[in-house]
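Residue strings, one per chain:
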Amino acid sequence: MYYAYQMKKQLTLIPLLGLFIVTSVFAQKPQKLTTNEIYEKVQKLNFLGSALYVAAHPDDENTRLIAYMANKVKARTAYLSLTRGDGGQNLIGPEIRELLGVIRTQELLAARGVDGGEQRFSRANDFGYSKHPDETFEIWDEDKVLADVVWAIRKFKPDVIINRFNHRTPGTTHGHHTASAMLSVEAFDLAADKTKYPEQLQYTEAWQPNRLFFNTSWWFYGSREKFEKADKSKMLNFDIGVYYPLKGVSNNELASIASSQHLCQGFGRLTTRGEQTEYVEFLKGEFPKDKKDIFSGINTKWNRVAGGDKIGKILYDVEKNFDFVNPSKHLPNLMRAYSLIEKLKDSHWREIKSKQIKEIIEACAGLYLEASAKTSSTTPNSSAKIDFEVLNRSTIPMDLVSIGWYPFEKLTMKDVKLTANKKENFTEDVRLLQMDYSSPYWLNADWGLGMYKVDNQELIGDPETKRPVRVTFNLKIDGTPISFTKNVIRRYSQRDKGEIYEPFEILPRVTTKLKDKVIIFSDGASKKIAVEVRSGTQNTKGSVALKVPNGWTVTPSNINFDIAQKGDKQVVEFTVTPSSNQSEGYIQTVATSEGKTYDKELIEINYNHIPKQSVLLPSKAKVVRLDIKKEGKSIGYIQGSGDAVPESLRQIGYSVTEIKPDAINENSLNNFDAVVIGIRAYNTKKELQFKQKYILDYVKNGGNVIVQYNTNRRVDVKAPYDLTLSRDRVTDEFAKVTMLAKDHSVLNYPNKITTNDFENWVQERGLYFPNKWSSEYTPILSMHDKGESAKEGSLLVAKYGKGNYIYTGLSFFRELPAGVPGAYKLFANLLSVKQNQIK
């Protein structure tokens, strides 16, 4: 299930390095390095060592340690997150599941842009909370995820691997967490075995990391006191509060800023400073000779590679005598070193160091190289005008020899001398042949609950799809050929925003959209179904049809469209009649234009802290024919962190008014048959605590309030009677449900609820159930995960005055948008309690 919402948020200003980084519409802006940053990159260029940090999700990573490795140690450092966090909640908008995974991928990349790391993934799908690695491996394809970890090690070739979690304590934390550590421990040895996953070896080589650690802390021991007493003979420790004068911040400040990029998970936080000790426990490999140096005993100098001595002699001198006022004076030596790097036989280090030194050369020369399209998108088999800007801001002689194009083989000769600070502008008109669309590559094929399907071995683990159109600037600097490849972007300005950078996308000629991703037919009556047709180019004509399940009918069979302007939309309307009996299935739109068919919806995700994302997914909607009864009509809905429940309720005939907390007063709720409070409302809407008296007065006077789940951290839902939230949850969506109060009205009126109504739920039963409550509440249901005690706090109902107060941790926010029939029937009963009263 997914939602096409375009969201805009306020600019986030982050003080860093004495400047303000604006993580907003400038997310695509090219980096422009200060001389301090150039010098730090020279230091990193002269360190030939790599560290890989391994965990399960976005925001699992210890940014303090990643920042320390990347900035203090100067190691090439990467975070391998097995999943993209698709199963989490979203505090900044309505996107969940795969669209949330897209957001969290970009937030990880933003975090690595701050802490200096790189980002990798596996194909594992975050299916939601798991209490044990056994459950995790039942849903993930364990062998494929293990293969992906081996692949990450073979590709990245780390000397050091650090696990975020303990592989020896299954069942004590999220099953994904322990699973990530278990797989890393196993892959540590398998990566060097050429008989394991031999298909990978046509793209890389077997690799044996030198040592493996577990990033331990007092938390894993249960208390600081226990950790103080623990045997630390196999532990290394570092002061990760070290200060970076060149940056003007401490390492832990940098780490806090990196963590704050995880905004959809509510990780915005204060920066911290000062001494702070981080521990890693040795697990496997060669124990370091110096416990203060995680790379101790590993050669991280240029003589690590054959032919590196000559390179090191040049670059160590550049580092030692770096000119912070005029870094361009180092260009002749940097170009000499670049030529030697290009001749290295070790392809792994050649590729890494070539990329690093190119960044330094580009910055030292003050080179500005840009290819900006006239529009933000185009279609395959079309032409695009690309504006070029080339500028040499040094006195070193340079020539622009030619421009190369990807993905098509084309070379445009230029032979232009780049004199100091003289800007060269020109425009090229390029024909874009048939090529892949811009969309996250892991969403291109149908996926399962536990795994994404990616067949191209070389794509596995990449954080994002490479940009579809790239250009290579072939230059000569001081007589030496060198090339710089840049993504084609779209740069423009708006009066109220200034300069804006966006990706340049390749999109279909036609995309379609069904407004509702779940359409509920509560009886046999027909419904008008609107289809929005969007043109990706000028003067688009064609027709669109709607496919429906067997037993359903649609009229007319197709409808013509004619759209003159690119980006414009036309809405057409079909009439769909459901089957006579309860059933469910999917309807799908198929458009035809110029002999080709198009069946994708374009979803644009546009938050200010990440680059704009264009996602293409099947243009379809789930349809459900069910027999549902309800009482009441008018529902008030107080949103929390954001969910799609209001629209789901409208689907079954309710009139839903969304209420802002500051609009709640002594009279504002009186006309509603029921009031529903959205997920995490008390976590995210602090003003609700000042409005609770009005909500409880509404209940006391005969109203019906349904409060959905809140997390148990630092929150008071201010229920009318004692209620204690906990971390109790049931993660198995197939867990057996026992009805504790079989005769209670919420299980009988107006819909009879049976165990069949808990079939086909998605991701989980519920979360953050209360585990203590006063006698005024009646627990309705009992459920539990395998091997656990019964959890009876998923649905609690209490009389309060003349009305009813209901608290539920059941995941209606997932089940209703997924079109689960039983969830609709149960929720309709909760909304109807006021009319029937509790018995």
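Residues numbered from 1 in each chain as written. Predicted model: local features only at pLDDT ≥ 70, side-chain atom pairs only at ≥ 80, totals over all residues. Heavy atoms only, no water.

Caption draft 1: Highlighting the packing of aromatic side chains. Taken as a whole and assessed by the stated rule, the structure comprises 28 aromatic pairs. On the basis of an interplanar angle of 85 degrees and a centroid distance of 5.1 Å, the ring pair of Trp219 and Phe220 is categorised as edge-to-face. Measuring from centroid to centroid gives 5.1 Å for Phe282 and Phe287, while their planes differ by 80 degrees, and the two rings are edge-to-face. The exposure class of Phe282 is buried, given its relative accessible area of 13%. Accessibility expressed as a relative area gives 30% for Phe287, which makes it partly exposed. Among the aromatic side chains, those forming a connected cluster through ring pairs are Phe388, Trp405, Phe408, Phe426 and Phe473. (Phe/Tyr/Trp six-rings, centres within 6.5 Å; stacked < 30°, edge-to-face > 60°. Buried < 20%, exposed > 50% of the residue type's maximum accessible area, 1.4 Å probe, protein only.)

Caption draft 2: Structural detail: a positive patch on the surface. A cluster of basic side chains, namely Lys686, Arg713, Arg714 and Arg727, defines a positive patch on the protein surface. Within the element layout of this structure, Lys686 appears in the loop between helix 13 (681-684) and helix 14 (692-700). Overall, the relative accessible area of 46% leaves Lys686 in the partly exposed class. (Patch = residues over 30% accessible without salt bridge, like charges linked within 9 Å, V, L, I, M, F, W, Y side chains within 5 Å. Areas by Shrake-Rupley, 256 points an atom, 1.4 Å probe, with all protein chains shown as cover. Salt bridge = Lys/Arg side-chain N within 4 Å of Asp/Glu carboxyl O. Lys, Arg positive; Asp, Glu negative; His and termini not counted. Charge placed at Lys NZ, Arg CZ, Asp CG, Glu CD. Helix = DSSP H or I, 4+ residues; strand = E, 2+ residues; numbered from the N terminus.)

Caption draft 3: Structural view of the sheet that holds strand 6 (residues 160-163). Here we have 7 strands laid out as an open sheet, ordered 5-4-3-6-7-11-8, and mixed in their pairing. Since the sheet does not close on itself, it has two edges, and those belong to strand 5 (118-121) and strand 8 (235-239), each with one partner. On average, each strand axis in the sheet is inclined to that of its neighbour by 30 degrees, with strand direction left out of account. Here 4 bridges tie strand 3 (residues 50-55) to strand 6, and the two strands are oriented parallel to one another. Counterpart to Ala51 in the pairing with strand 6 is Val160. (Pairing = 2+ DSSP bridges. Axes fitted to C-alpha atoms, helices over the stretch in contact; angles between N-to-C directions.)

Caption draft 4: Region of interest: empty space enclosed by the protein. Counting across every chain of the model gives 4 cavities of 30 Å³ or more. Taken as a whole, the largest cavity spans an internal volume of roughly 160 Å³. For the largest cavity, the lining is made up of 16 residues, of which Ser439, Pro440, Thr465, Arg467 and Gln613 are closest to its centre. Of all the secondary structure elements, the ones that give two or more residues to the lining of the largest cavity are helix 3 (98-115) and strand 33 (613-618). The biggest single contributor to the lining of the largest cavity is helix 3, with 3 residues. (1 Å grid on protein atoms, 1.4 Å probe; cavity = no way out; pocket = protein on both sides within 12 Å on 5 of 7 lines; lining within 4 Å. Points joined across faces, edges and corners; volume = space filled by probe spheres on them.)

Caption draft 5: Region of the structure containing the sheet that holds strand 44 (residues 795-800). Spatially, the 7 strands line up as an open sheet ordered 36-35-37-38-45-44-42, and their pairing is mixed. Each edge of the open sheet carries a strand with a single partner, namely strand 36 (655-658) and strand 42 (777-779). Taking the axes of each pair of neighbouring strands and ignoring which way they run, one obtains an average angle of 20 degrees across the sheet. Relative to strand 45 (residues 803-808), strand 38 (residues 704-707) runs parallel, the two sharing 4 bridges. Each bridged residue has a counterpart across the sheet, and for Val707 the counterpart in strand 45 is Tyr807. Contacting strand 35 (634-638), strand 37 (674-677), strand 38, strand 44 and strand 45, helix 14 crosses the sheet at an angle of about 125 degrees to strand 45. (Contact = heavy atoms within 4.5 Å.)

Caption draft 6: Examining the pairing of strand 24 (residues 518-521) more closely. Going residue by residue along strand 24, you find Val518 and Ile520 tucked away on one face and Ile519 and Phe521 tucked away on the opposite face as well. With 4 bridges connecting them, strand 24 and strand 34 (residues 620-625) associate as parallel partners. Its bridge partner being in strand 34, Ile520 is matched across the sheet by Val624.

Caption draft 7: How the structure looks around helix 2 (residues 63-72). Burial of helix 2 is extensive: 8 of the 10 residues sit out of reach of the surface. Those residues of helix 2 not exposed but buried are Thr63, Leu65, Ile66, Ala67, Tyr68, Met69, Ala70 and Asn71. Between the side-chain oxygen of the N-cap and the backbone nitrogen of Arg64 there are 3.0 Å, and the N-cap of helix 2 in question is Asn62. (Polar contact = N/O pair within 3.5 Å; in protein donor to acceptor, adjacent residues only side chain to side chain.)

Caption draft 8: Structural view of the pattern of salt bridges. This structure, assessed with the given rule, holds 44 salt bridges. Measuring nitrogen to oxygen at the nearest pair gives 3.3 Å for the salt bridge that ties Lys247 to Glu40. Of this pair, Lys247 sits in the loop between strand 9 (243-244) and strand 10 (249-250) while Glu40 sits in helix 1 (residues 35-45), and the two are 207 residues apart along the sequence. Relative accessible area serves as the criterion here: at 11%, Lys247 is assigned to the buried category. Put simply, Glu601 and Lys517 hold a salt bridge, and the shortest N to O gap is 3.5 Å. Remark: Lys517 occurs in the loop between strand 23 (510-514) and strand 24 and Glu601 occurs in strand 32 (residues 600-605); sequence separation between them is 84 residues. Among the residues examined, Glu601 registers a relative accessible area of 1% and is labelled buried. Since its relative accessible area comes to 7%, Lys517 is described here as buried. Within this structure, Lys131, Asp785, Glu788 and Lys791 form a network of salt bridges that share partners.

Caption draft 9: Representation of the packing of helix 1 against helix 9 (residues 308-320) within the structure. As a packed pair, helix 1 and helix 9 sit with axes 10 Å apart at the nearest point and diverge in direction by 145 degrees. At the point where helix 1 passes helix 9, the crossing takes the left-handed sense. Contacts between helix 1 and helix 9 involve Tyr39, Val42, Gln43 and Leu45 from the former and Leu315, Val318 and Glu319 from the latter. Each residue belonging to the contact of helix 1 with helix 9 can be placed in one class, and the counts come to 5 nonpolar, 1 polar and 1 charged. (Left-handed = near helix turned anticlockwise from the far one by under 90°. Nonpolar A, V, L, I, M, F, W, Y, C, P; charged D, E, K, R; others polar.)

Caption draft 10: Structural detail: unusual backbone geometry. Residue Thr555 is joined to Pro556 through a cis peptide bond whose omega torsion reads -10 degrees. With respect to the element layout, Pro556 can be found in the loop between strand 27 (553-555) and strand 28 (558-563). Across the junction of Tyr749 and Pro750, the peptide omega takes the value -5 degrees, indicating a cis bond. Relative to the helices and strands, Pro750 is located in the loop between strand 40 (737-739) and strand 41 (766-773). For Arg97, which is not glycine, the phi torsion reads 55 degrees and is therefore positive. If you trace the backbone, Arg97 turns up in the loop between strand 4 (76-81) and helix 3. Given a relative accessible area of 15%, Arg97 falls into the buried group.

Caption draft 11: Fine view of the packing of helix 5 (residues 142-156) against helix 6 (residues 175-190). For the pair helix 5 and helix 6, interaxial distance at closest approach is 9 Å and the crossing angle is 55 degrees. Viewed along their axes, helix 5 and helix 6 adopt a mutual orientation that is oblique. Relative to helix 6, the crossing made by helix 5 is right-handed. Each of Glu142, Val145, Leu146, Val149, Val150, Ile153 and Arg154 in helix 5 lies in contact with helix 6, whose residues at this interface are Leu183, Ser184, Glu186, Ala187, Phe188 and Leu190. Considering only residue class, the contact of helix 5 with helix 6 consists of 9 nonpolar, 1 polar and 3 charged. (Parallel < 35°, antiparallel > 145°, perpendicular 65-115°, else oblique.)

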